[in-house]
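Residue-level listing of the chains:
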Amino acid sequence: MAALRRAGPFPGPSPAVAAGLLGLLSAALALGGARGGGSPRFPWDSVRLPKHVIPLSYHLLIHPNLTTLTFSGTATIEVTVTRQTGAVVLHSKRLHITRAAIEAGSARSAQKVRVLEHQAFEQVALLAAEPLQAGQYYTLSIQYFANLSESFHGFYKSTYRTQEGELRVLAATQFEPTAARMAFPCFDEPAFKARFLITIRREPKHLALSNMPIVKSVTITPWLVEDHFDTTVKMSTYLVAFIVSDFKSISKITGHGVKISVYTVPDKINQAHYALDAAVKLLDFYEDYFSIPYPLPKQDLAAIPDFQSGAMENWGLTTYRESALLYDPEKSSASSKLWVTMIIAHELAHQWFGNLVTMEWWDDLWLNEGFAMFMEFVSVSVTHPELRVEDYFLRRCFDAIEVDSLNSSHPISTPVEDPAQILEMFDNVSYQKGSCILNMLRDYLTADVLKAGLVQYLQKYSYQNTKNEDLWNIMTNICPTVGSDKNELQGDGFCRTQQSSSNAHWTKGETLDVKAMMDTWTLQKGFPLVTVTVRGKNVHLQQERYMKGVNSPSSTGYLWHIPLTYITSKSDTVQRFLMTTKADVIILPEEVEWVKFNVDMNGYYIVHYEDDGWDRLINLLKENHTVISSNDRASLINNVFQLVSIKKLSISKAFDLTLYLKHERQIMPVLQGMNELIPIYRLMERRDMDGTAKQLKEYIINLFKDLIDKQSWSDEGSASERLLRDSLLLFACVHRYQPCVDKAKGYFTEWQKSNGTLSLPADVKTAVYAVGAQTSEGWDFLLSKYRLHLFNVERENIELALSLSRSKDKLQWLMDQGLRGDIVRTQDLPRIIVFVAKTPSGCHLAWTFLKENWDKIVEKFELGSNSVANIVTGLTSRYSTRSQLAQVKEFFSSLEEKSARLRCIQQAIETIEDNIQWMDRNFEKVKTWLQNNQL
């Protein structure tokens with residue numbers, strides 16, 4: 001899945017419907033007649049399915065009714081049995097089974113079976129009258145019916161309005177990770193791969209899509225058509241997909257002969273062209289890069305009006321939220337183009353990483369998601385070089401570091417069992433940290449070697465399932481063939497490199513053990529802090545686990561194999577050194593003015609410079625910041641504030657470093673400076689007794705003032721210049737920098753006078769709307785436009801502006817509407833709650849809203865989902881008082897145990913404790929520093 005990250009929950013039928021269904025259900029479950037006295041016990045007691053019944057193929061007939069919002073189905077599953085058993089256990093959730101039978105491969109007669117349900121495990125058992133024999137094939141046939149899901153997963157209902165205002169209904173699927181069982185009974189674990197033959201019944205006015213192309217359509221009655229889809233390749237259940245809708249499409253054929261189509265609601269098909277062209281380029285790129293043909297005849301990309309995460313990689317039918325696929329060249333911003341391109345790149349990378357080769361179980365989800373995220377950058381930098389995606393990679397690693405520095409983090413590869421724990425894996429550690437350690441590995445092995453390893457991995461394990469170590473074992477056996485180094489594959493299968501000249505690669509003639517190295521990054525949580533002490537020509541190094549937190553546990557026992565890189569004042573040639581011990585020493589050829597470790601922050605670790613090491617780097621930035629790359633500058637800004645958090649550096653030192661930003665012009669360091677300073681301002685704003693917060697805000701504005709003043713209010717420039725303009729103007733206007741506010745007001749007034757017909761530059765819209773929404777009349781006008789079809793690509797910009805209102809009534813109304821899902825789509829509620837929480841007037845409202853609506857939010861978005869986690873952490877990230885901490889602890893501990901145990905709650909509590917400590921330690925120091933350093 002992609003990027004907003006994560007797919008959602010499933011409320012059941014209304015109480016009245018439920019009561020009726022329960023009667024039918026108890027009748028259904030008694031199928032096969034009672035045996036003796038009491039009802040038999042459920043024959044299985046684990047949340048994981050038994051391994052002795054293996055599905056080979058499914059034949060599904062699905063018939064949705066978009067009027068009654070129900071569907072019926074028949075699943076015919078061919079299985080093989082590896083040991084004698086009296087029961088077949090498989091997954092089923094909220095399906096009402098009306099008939100079930102088992103037929104032996106040789107027999108002509110099916111035996112009716114009794115069905116038992118274990119709701120907590122989402123399993124059913126088919127109890128056979130006679131045992132199933134080892135080595136035999138059987139056919140299970142199950143008939144059932146269910147309601148279309150009201151949330152965003154399973155087989156769910158979505159709606160949209162036409163330009164004329166007519167409400168239309170469609171049905172779509174979202175199965176990852178554990179919701180295929182809500183659409184058909186199945187062996188719903190990724191390792192049970194099978195082939196799927198899907199048939200869908202629909203009204204003639206609708207169109208059905210699935211993973212494969214339609215082979216024939218049969219008219220059953222004048223009002224019913226049956227579409228037969230081709231048989232899929234061998235794949236996991238979570239990748240099955242089908243949609244019944246009235247979508248329109250546009251298509252193209254790739255260089256390799258694959259038909260690509262983009263499907264959208266009819267009124268938006270004119271916004272599908274960019275995605276179609278991007279998908280064609282990207283699919284061609286991946287086929288060439290992986291040297292493995294895309295195995296299906298077609299790839300459809302469908303924009304679903306209601307969608308929880310960013311997108312989903314269903315094989316041959318990828319699905320997206322509309323904002324992740326639709327692009328209007330006239331109205332969409334540069335950030336929208338970047339986002340659409342990256343998400344398509346992510347989902348198409350999954351067609352190989354995830355679909356062709358799948359993790360054996362969800363504990364190694366990062367083998368799907370870390371890779372897809374890493375490949376976004378590899379592919380888009382080649383197919384769309386003008387987007388300069390490499391400028392944004394660092395941001396992901398900083399996001400990962402943020403959660404990975406807490407004690408509540410988890411190793412990339414971590415055991416999970418139940419659906420909520422599985423959903424929690426779809427987080428910044430699996431995605432962002434996964435992609436960052438792969439980027440570090442690419443830097444370590446070189447791009448060519450990594451590519452050769454990945455291709456071998458995909459070829460070896462096609463249509464199979466893998467574990468973490470399968471990848472490392474292949475990587476360890478790949479020989480680097482780079483530069484002028486001679487490589488020999490030794491008898492033990494390891495590479496040894498004979499050193500030549502300056503391209504000193506890592507190994508110094510030792511064995512390159514990728515598995516030993518990467519295990520240190522995937523099997524333990526957190527990341528290393530490397531402390532550098534320069535003594536003449538000797539550079540002393542020490543590593544320890546970086547840990548935030550009031551009472552952080554000791555970091556002893558943590559050790560990483562760190563591929564260190566460094567440059568010095570005397571040489572900008574990147575030097576490399578693999579650190580595998582707690583402490584080590586590097587000897588430089590001569591003494592240097594400064595040394596900078598972790599070049600371009602390609603490594604997933606942060607660096608502290610002892611003695612005057614930081615002073616020398618701060619001085620370098622002040623004197624001539626362009627001597628080091630913009631990524632190096634961004635990483636220094638990030639690291640210096642990380643070190644303040646663990647008391648290794650004073651806040652005044654970090655603020656000293658920020659002074660150079662007055663002269664910074666590149667997007668990454670500028671945005672990183674804002675990402676460090678604005679949250680400090682937000683913390684102080686919440687309890688500003690003496691005007692310190694105001695002073696800090698003025699300091700931040702003054703730092704970037706020259707850059708803000710230089711921005712043209714247009715859509716000119718490169719992608720990164722446009723993205724920077726978007727962020728700077730929004731920042732300046734929201735923080736009431738007068739020249740910016742005045743200009744935005746002028747634009748808003750003109751736009752309002754034209755009744756919204758005036759075309760505003762795409763990259764300044766958010767700033768203009770944010771200022772306009774500050775008046776009651778402006779807010780109402782924006783809302784009236786938000787509801788219009790014409791402004792669809794701007795929905796998210798307008799939502800942000802509406803969430804910045806100072807009126808509590810308006811903010812409350814916005815959140816209430818998000819829950820109702822009529823005017824504001826419920827898919828957008830998580831971000832709206834977080835936006836509201838970040839405003840001074842909405843902070844308390846959002847917290848009360850979450851407490852009062854917790855059950856509804858969990859029902860809609862699912863326990864453990866990224867949506868729920870983003871609400872919890874986003875809402876509380878600026879809390880910094882003991883009373884706020886007490887309130888948060890009290891509310892979450894009052895919930896049932898499953899909710900109270902969520903990782904996001906631990907993260908929220910740790911973050912608040914950290915904020916309290918930070919403020920106690922640094923508030924006065926910031927105040928003093930600001931008094932002494934007026935810009």
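Treat the numbers as computed from the prediction; the structure is a model and nothing was measured. (Residues numbered from 1 in each chain as written. Predicted model: local features only at pLDDT ≥ 70, side-chain atom pairs only at ≥ 80, totals over all residues. Heavy atoms only, no water.)

A.B. asks: For this particular structure, what's the right way to read the overall build of the chain?
C.D. replies: Tallying secondary structure elements over the chain gives 27 helices and 31 strands in all. The C-alpha atoms of the chain give a radius of gyration of 29 Å, which matches the 30 Å a tight globule of 935 residues would have. The principal-axis extent of the C-alpha atoms belonging to the chain is close to 85 × 80 × 55 Å. The buried share of the chain, reckoned over its 935 residues, is 60%. Here the analysis covers contacts within the chain between residues at least 6 apart in sequence; of these, 72% occur between residues at least 24 apart. (Helix = DSSP H or I, 4+ residues; strand = E, 2+ residues; numbered from the N terminus. Rg over C-alpha atoms; globule rule 2.2 N^0.38 Å. Buried < 20%, exposed > 50% of the residue type's maximum accessible area, 1.4 Å probe, protein only. Contact = heavy atoms within 4.5 Å.)

A.B. asks: Explain the confidence of the model for the chain to me, please; I cannot follow it from the model alone.
C.D. replies: Close inspection of predicted coordinates is inappropriate for parts of the model with low pLDDT. Looking at the chain, the pLDDT average stands at 91 and 92% of residues meet or exceed 70. Counting interchain partners and residues more than four positions distant, the pLDDT-below-50 stretch residues 5-37 has 88 contacts. (pLDDT = per-residue confidence, 0-100.)

A.B. asks: Could you clarify how one ought to interpret the state of the cysteines in this entry?
C.D. replies: By definition, a disulfide is the covalent link that joins the sulfur atoms of two cysteine residues. A full pass over the atoms with the stated rule returns 2 disulfides. Sulfur-sulfur distance for the disulfide between C733 and C740 comes to 2.4 Å. Of note, the bridge from C733 to C740 carries an S-S torsion of about -90° and is left-handed in sense. With respect to class, C733 is no different from C740; both count as buried. Looking at the chain, its bonded cysteines, counted consecutively from the start of the sequence, adopt the pairing 1-2, 3-4. C843 provides the cysteine sulfur closest to C904, a residue in no disulfide bond, and the two sulfurs are 18 Å apart. By relative accessible area, C904 is classed as buried at 5%. (Disulfide = S-S within 2.5 Å.)

A.B. asks: Can you walk me through unusual backbone geometry in this structure?
C.D. replies: A cis amide bond links E176 to the next residue, P177, at an omega of 0°. Inspection of the secondary structure assignment puts P177 in the loop between β10 (167-174) and β11 (195-202). You will see that R94, though not glycine, has its phi angle at about 60°, which is positive. Locating R94 in the fold gives a position in the loop between β3 (85-91) and β4 (96-104).

A.B. asks: Looking at this structure, I do not really get the sheet that holds strand β6 (residues 114-118). What am I missing?
C.D. replies: Through backbone hydrogen bonds, the strands of a sheet pair up, either in parallel or in antiparallel fashion. In space, the 3 strands of this open sheet follow the order β3-β7-β6, with antiparallel pairing throughout. At either margin of the open sheet sits one strand with a lone partner, and together these are β3 and β6. For this sheet, the mean angle separating the axes of adjacent strands, direction not counted, is 25°. Pairing geometry for β6 and strand β7 (residues 123-132), over 5 bridges, is antiparallel. Within β7, the residue paired with H118 across the bridge is Q123. (Pairing = 2+ DSSP bridges. Axes fitted to C-alpha atoms, helices over the stretch in contact; angles between N-to-C directions.)

A.B. asks: I tried to follow helix α14 (residues 667-686) on my own but got confused; where do I start?
C.D. replies: Structural remark: α-helix, 3.6 residues per turn; residues separated by three or four positions point the same way. Taking 1.5 Å per residue, 20 residues should reach 28 Å; α14 reaches 28 Å between its end C-alpha atoms and fits that length. Among the 20 residues in α14, 15 count as buried, and that is most of the element. (Expected span 1.5 Å × (residues − 1).)

A.B. asks: I keep staring at the side chain of R396 and nothing clicks. Help me out?
C.D. replies: Residue placement: R396 occurs in helix α5 (residues 393-404). Judged by relative accessible area, which is 16%, R396 ranks as buried. For R396, the residues in contact, after removing those within four places along its chain, are M342, M373, E376, F377, Q432 and C436.

A.B. asks: In this structure, what is going on with the side chain of T876? I would like to understand it.
C.D. replies: Take T876: it is sitting in helix α24 (residues 866-876). Accessibility expressed as a relative area gives 2% for T876, which makes it buried. The contact partners of T876, leaving out residues within four places of it in the chain, are W847, V888, A908 and I912.

A.B. asks: Would you mind going over the sheet that holds strand β30 (residues 595-597) with me for this structure?
C.D. replies: Strands sit in the order β28-β27-β30 across an open sheet of 3 strands; the sheet is antiparallel. With one partner strand each, in any of the chains shown, β28 (571-579) and β30 form the two edges of the open sheet. The average undirected angle you get between the axes of adjacent strands in this sheet is 25°.

A.B. asks: For this particular structure, what's the right way to read the pattern of salt bridges?
C.D. replies: Any two side chains of opposite charge can pair, on the condition that their charged atoms come close. Per the stated rule, a full pass over the model turns up 45 salt bridges. A salt bridge links R901 to E897; the nearest nitrogen and oxygen atoms lie 3.0 Å apart. With relative accessibility at 46%, the residue R901 sits in the partly exposed group. Since its relative accessible area comes to 56%, E897 is described here as exposed. Connected through shared salt-bridge partners, K93, E122, R181 and D188 make up one network. (Salt bridge = Lys/Arg side-chain N within 4 Å of Asp/Glu carboxyl O.)

A.B. asks: Even after reading the chapter, I still don't get the packing of aromatic side chains, so can you show me in this structure?
C.D. replies: Any two aromatic rings considered together are summarised by their centre-to-centre distance and by the angle between their planes. Evaluated as defined, the whole model comprises 53 aromatic pairs. On the numbers, 5.6 Å between centres and 70° between planes, the contact of F285 with Y286 is edge-to-face. Its relative accessible area of 13% is what places F285 among the buried residues. What makes Y286 buried here is its relative accessible area of 0%. Here the aromatic rings of W713 and Y747 are separated by 5.6 Å at their centres, their planes lie at 10°, and the arrangement is stacked. With W713 in the loop between α15 (692-710) and α16 (719-734) and Y747 in helix α17 (residues 738-753), this pair connects stretches of sequence that are 34 residues apart. Taking the relative accessible area as the measure of exposure, W713 reaches 10% and is therefore buried. Judged by its relative accessible area of 24%, Y747 falls in the partly exposed class. (Phe/Tyr/Trp six-rings, centres within 6.5 Å; stacked < 30°, edge-to-face > 60°.)

A.B. asks: What am I meant to see in the pairing of strand β9 (residues 154-161) here?
C.D. replies: Burial analysis of β9 places 6 of its 8 residues in the buried class, which makes it a mostly covered element. Across 8 bridges, the pairing between β9 and β10 is antiparallel. Counted as the bridge partner of R161 is L167 from β10. The loop that links β9 with its antiparallel partner β10 comprises 5 residues; one of these, G165, has a positive phi angle of about 95°.

A.B. asks: What's the story with the pairing of strand β18 (residues 298-304) in this structure? I'm lost.
C.D. replies: Along any regular strand the residues' side chains alternate between the sheet's two faces. Burial analysis of β18 places 7 of its 7 residues in the buried class, the great majority of the element. The alternating pattern of β18 places K298, D300, A302 and I304 on one face and Q299, L301 and A303 on the opposite face, and all of these are buried. Once you follow strand β17 (residues 259-264) into helix α2 (residues 273-290) and on to β18, the crossover reads as left-handed. Sheet topology places β18 next to strand β20 (residues 317-321); 5 bridges connect them, and they run parallel. When the bridges of β20 are listed, I304 appears paired with R321. (Right-handed = clockwise from strand over helix to strand, strands pointing away.)

A.B. asks: In this structure, what is going on with the packing of helix α3 (residues 334-350) against α16? I would like to understand it.
C.D. replies: To characterise two packed helices, one gives the angle between the axes of the helices and the distance between these axes. As a packed pair, α3 and α16 sit with axes 8 Å apart at the nearest point and diverge in direction by 120°. Classified by the interaxial angle, the pair formed by α3 and α16 is oblique. Here A334, S335 and L338 of α3 lie close against α16, whose contacting residues are A719, R722, L723 and D726. Taken together, the residues that form the contact of α3 with α16 break down as 4 nonpolar, 1 polar and 2 charged. (Parallel < 35°, antiparallel > 145°, perpendicular 65-115°, else oblique. Nonpolar A, V, L, I, M, F, W, Y, C, P; charged D, E, K, R; others polar.)

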